[in-house]
Amino acid sequence: MAKKIVVLGAGESGTGAAILAQKENFDVFVSDMSAIKDKYKSELQKRGIEFEELRHSEERILQADEVIKSPGIPNDAPLILKLKEKGTNIISEIEFAGRYSDSKMVCITGSNGKTTTTSLIYHIFKMAGLNVGLAGNIGNSLAWQVAEDPHDYYIIELSSFQLDNMYDFKADIAVLMNITPDHLDRYGFEMQNYVDAKFRIIQNQTENDAFVYWNDDPIIQRELKRYGLKARLFPFAEAKAAGLGAYVEDGKVEFTGPVQFNMEQEELALTGKHNLYNSMAAGISANIAGIRKETIREALKTFKGVEHRLERVARVAGVDYINDSKATNVNSCWYALQSMPVKCVLILGGKDKGNDYTEIADLVREKCCGLVYMGLHNEKLHEFFDSFGLPVADVQSMKDAVNAAKAMATEGQIVLLSPCCASFDLFKSYEDRGDQFKACVRAL
């Protein structure tokens, strides 16, 4: 009798997991507590995959031999706790897909910079003419690609939620950009639980694999001592030091190996210190994969950037509007503020994930000329920032946020949407929030 697999959640990853499970001859059933989007429903229907929406048929789900869980479902959800009590194996879509692929896996995680770095590595591999897929948090479902559109390489952005349910999967190249507090509401407000999740990216690595990481991250440095790492290490940092895979010297980014080469820092397409680190991590990863240095240089010069990450929208009445909706945590906003060349009005707020705003306090005092609090519950923002003496406004829609910011900004300044928070109180996603910001700005 075919092994029973239940897929919880029918978004991109769940639908992909179901398609791969069917291909591998499992008895597959998909269950989603929300309405399933039409595009995924039609994919399941045309393949004859059984599904339900707007409910979980608990009795049937508890009969599963294995459950593939959407990363959006918390590990302490009542149904998940019942499955754990039964001893049911609960895995992620990435874990499942990895069982059926011998392709090279380049995996990227970190609190900030992972989407840009993932997109940049994918850009380099594409320019090198390699057969490469983009998966994980961005791109298409890894399982779906493994089932119906296989590639030699996959560049995979991994969130801590995806890593939580990965056990035997192995990254050939693992990239860890940084670790700062994020999603603490999902980790019992214990930073170490979140750190442990991020470090799962190096599990199962052998001496044939590579680990790329930011050398100056104090948490990464502390944690490295706890692991008996077998992989080859490629740390990167701005200042030259022994053993680095990349650093900056005399205005040049130096890549030390496997093939040694350099390029002018000012030639990098992406600007700002955080993007320097993203470019280093991407360049090292491509170098390890054997891509020619000329191709890496060219790709790092031509990359166009990522939507919703410090994205210039328009200049209206001499004021520049910048969409950084992807800044869903405080550290991400810190990077954005640090890169601001002039005074800015900062739009922030949303669903707080246990944020500590102390990290951006000095930059807000130095760089901001006004604050717009956008959210259903702005008490914490008032409590922290109101004493700074800046003009503030409370809003509950993007239109009002943009209008309030416009009223505060003067010619030569910047309006920056960099929310520090999740989007789910007022918006469907950070993309929806960024899209609404762009539409409101363009309507000014």
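Residues numbered from 1 in each chain as written. Predicted model: local features only at pLDDT ≥ 70, side-chain atom pairs only at ≥ 80, totals over all residues. Heavy atoms only, no water.

How would you summarise unusual backbone geometry if you had to cite specific residues and measurements?
A cis amide bond links Gly 257 with the next residue in sequence, Pro 258, at an omega value of 0°. Take Pro 258: it is sitting in the loop between β13 (252-255) and β14 (261-264). Positive phi outside glycine occurs at His 308, with the angle close to 70°. Take His 308: it is sitting in the loop between α12 (293-302) and β15 (311-316). In this structure, Ala 317 takes a positive phi of about 50° despite not being glycine. (Helix = DSSP H or I, 4+ residues; strand = E, 2+ residues; numbered from the N terminus.)

Go over the layout of surface pockets with me, naming the residues and quoting the values.
Considering only enclosed or pocket space, the second largest pocket measures out at about 390 Å³ in volume. Thr 271, Asn 275, Arg 309, Leu 310 and Glu 311 are the residues nearest the centre of the second largest pocket, which is lined by 19 residues in total. Taken together, the elements giving at least two residues each to the lining of the second largest pocket come down to α11 (273-288) and β15. Of the residues that constitute the lining of the second largest pocket, the class distribution is eight nonpolar, seven polar and four charged. (1 Å grid on protein atoms, 1.4 Å probe; cavity = no way out; pocket = protein on both sides within 12 Å on 5 of 7 lines; lining within 4 Å. Points joined across faces, edges and corners; volume = space filled by probe spheres on them. Nonpolar A, V, L, I, M, F, W, Y, C, P; charged D, E, K, R; others polar.)

Lay out the environment of Asn 25 with the relevant residues and their values.
With respect to the secondary-structure elements, Asn 25 resides in the loop between α1 (12-23) and β2 (27-32). A C-alpha to C-alpha distance of 47 Å links Asn 25 and Tyr 335, two positions 310 residues apart in sequence.

Give a description of helix α6 (residues 114-127) that names residues and reports values.
Look at α6: 20 Å from first C-alpha to last across 14 residues, which is about the 20 Å you get at 1.5 Å a residue. Most of α6 is tucked away, with eleven of its 14 residues classed as buried. Taken together, the buried positions of α6 are Lys 114, Thr 115, Thr 116, Thr 117, Thr 118, Ser 119, Leu 120, Ile 121, His 123, Ile 124 and Phe 125. Turning to α6, the residues buried within the fold contact β6 (104-109), β7 (132-136), β8 (153-157), α9 (191-198), α11 and α12. Positive phi appears at Gly 129, one or two residues downstream of α6, with a value of about 80°. (Expected span 1.5 Å × (residues − 1). Buried < 20%, exposed > 50% of the residue type's maximum accessible area, 1.4 Å probe, protein only. Contact = heavy atoms within 4.5 Å.)

If you had to explain the packing of helix α13 (residues 330-338) against helix α14 (residues 358-367) to someone new, which residues and values would you point to?
Contact geometry for α13 and α14: axes closest at 10 Å, N-to-C directions at 30°. The orientation of α13 relative to α14 falls into the category roughly parallel. Of the two elements, α13 crosses α14, and the hand of that crossing is left-handed. Where α13 abuts α14, its residues Val 330, Asn 331, Cys 333, Trp 334, Leu 337 and Gln 338 lie against Glu 359, Ile 360, Leu 363, Val 364 and Lys 367. By residue class, the composition of the contact of α13 with α14 is seven nonpolar, two polar and two charged. (Axes fitted to C-alpha atoms, helices over the stretch in contact; angles between N-to-C directions. Parallel < 35°, antiparallel > 145°, perpendicular 65-115°, else oblique. Left-handed = near helix turned anticlockwise from the far one by under 90°.)

Can you tell me about the side chain of Ser 111, naming the residues and giving the values?
Following the sequence through the fold, Ser 111 ends up in the loop between β6 and α6. Here Thr 180 takes part through its backbone nitrogen, which lies 2.9 Å from a polar atom of the side chain of Ser 111. (Polar contact = N/O pair within 3.5 Å; in protein donor to acceptor, adjacent residues only side chain to side chain.)

Give me the sheet that holds strand β5 (residues 89-91): which residues, what numbers.
Pairing is parallel across the open sheet formed by five strands, whose spatial order is β3-β2-β1-β4-β5. Each edge of the open sheet is held by one strand with a lone partner, namely β3 (50-53) and β5. Ignoring strand direction, the axes of neighbouring strands in this sheet form an average angle of 20°. As defined by bridge partners, strand β1 (residues 4-8) adjoins strand β4 (residues 66-69) across four bridges and the pair is classed as parallel. (Pairing = 2+ DSSP bridges.)

Pulling in residues and values, what's your account of empty space enclosed by the protein?
Applying the stated criterion across every chain yields a total of two cavities of 30 Å³ or more. Empty space within the largest cavity amounts to approximately 130 Å³. Ranked by residue count, the leading element in the lining of the largest cavity is α11, at four residues. A per-class count over the lining of the largest cavity returns six nonpolar, eight polar and two charged. If you add up the space inside the second largest cavity, you get close to 50 Å³.

Would you mind going over helix α17 (residues 430-442) in detail, with residue names and values included?
Along its 13 residues, α17 runs 18 Å from first to last C-alpha, staying within 8% of the 18 Å computed at 1.5 Å per residue. Taken residue by residue, α17 has Tyr 430, Asp 432, Arg 433, Gly 434, Phe 437, Lys 438, Cys 440 and Val 441 as its buried positions.

Summarise the pairing of β3; cite the residues concerned and give the values.
With four bridges joining them, β2 and β3 adopt parallel strand pairing. Counted as the bridge partner of Asp 32 is Glu 53 from β3. Chirality of the crossover, the property in question, places the unit of β2, helix α2 (residues 38-46) and β3 among those that are right-handed. (Right-handed = clockwise from strand over helix to strand, strands pointing away.)

Which residues make up the packing of aromatic side chains, and what values do they have?
For the structure shown, the criterion picks out 15 aromatic pairs. Seen from their ring centres, Phe 96 and Tyr 100 are 5.3 Å apart, and the 70° between their planes marks the pair as edge-to-face. The class for Tyr 100 is partly exposed, based on a relative accessible area of 29%. Arranged with centres 6.1 Å apart and planes meeting at 55°, the rings of Tyr 357 and Phe 384 form a pair that is tilted. (Phe/Tyr/Trp six-rings, centres within 6.5 Å; stacked < 30°, edge-to-face > 60°.)

Describe the sheet that holds strand β19 (residues 392-395), listing the residues and the values that go with them.
Within a sheet, adjacent strands bond to each other through the backbone by hydrogen bonds, running parallel or antiparallel. Ordered by their spatial adjacency, six strands build an open sheet running β15-β16-β20-β17-β18-β19, and the pairing between neighbours is mixed. Either end of the sheet is taken by a strand with one partner, and the two such strands are β15 and β19. Along the sheet, successive strands turn relative to each other by an average axial angle of 20°, direction set aside. Summarising the sheet, strand β16 (residues 319-323) and strand β20 (residues 414-417) pair through four bridges and their orientation is parallel.

How would you summarise the pattern of salt bridges if you had to cite specific residues and measurements?
Here the idea is simple: oppositely charged side chains can pair when their charged atoms come close. Per the stated rule, a full pass over the model turns up 27 salt bridges. Linking Lys 46 and Glu 43 is a salt bridge whose minimum nitrogen-to-oxygen distance equals 3.4 Å. Taken together, the positions of Lys 46 and Glu 43, both in helix α2 and three residues apart, correspond to about one turn of that helix. Residue Lys 46 is classed as exposed on the basis of its relative accessible area of 61%. Residues Asp 172 and Lys 104 are paired through a salt bridge, measuring 4.0 Å at the closest nitrogen-oxygen approach. (Salt bridge = Lys/Arg side-chain N within 4 Å of Asp/Glu carboxyl O.)

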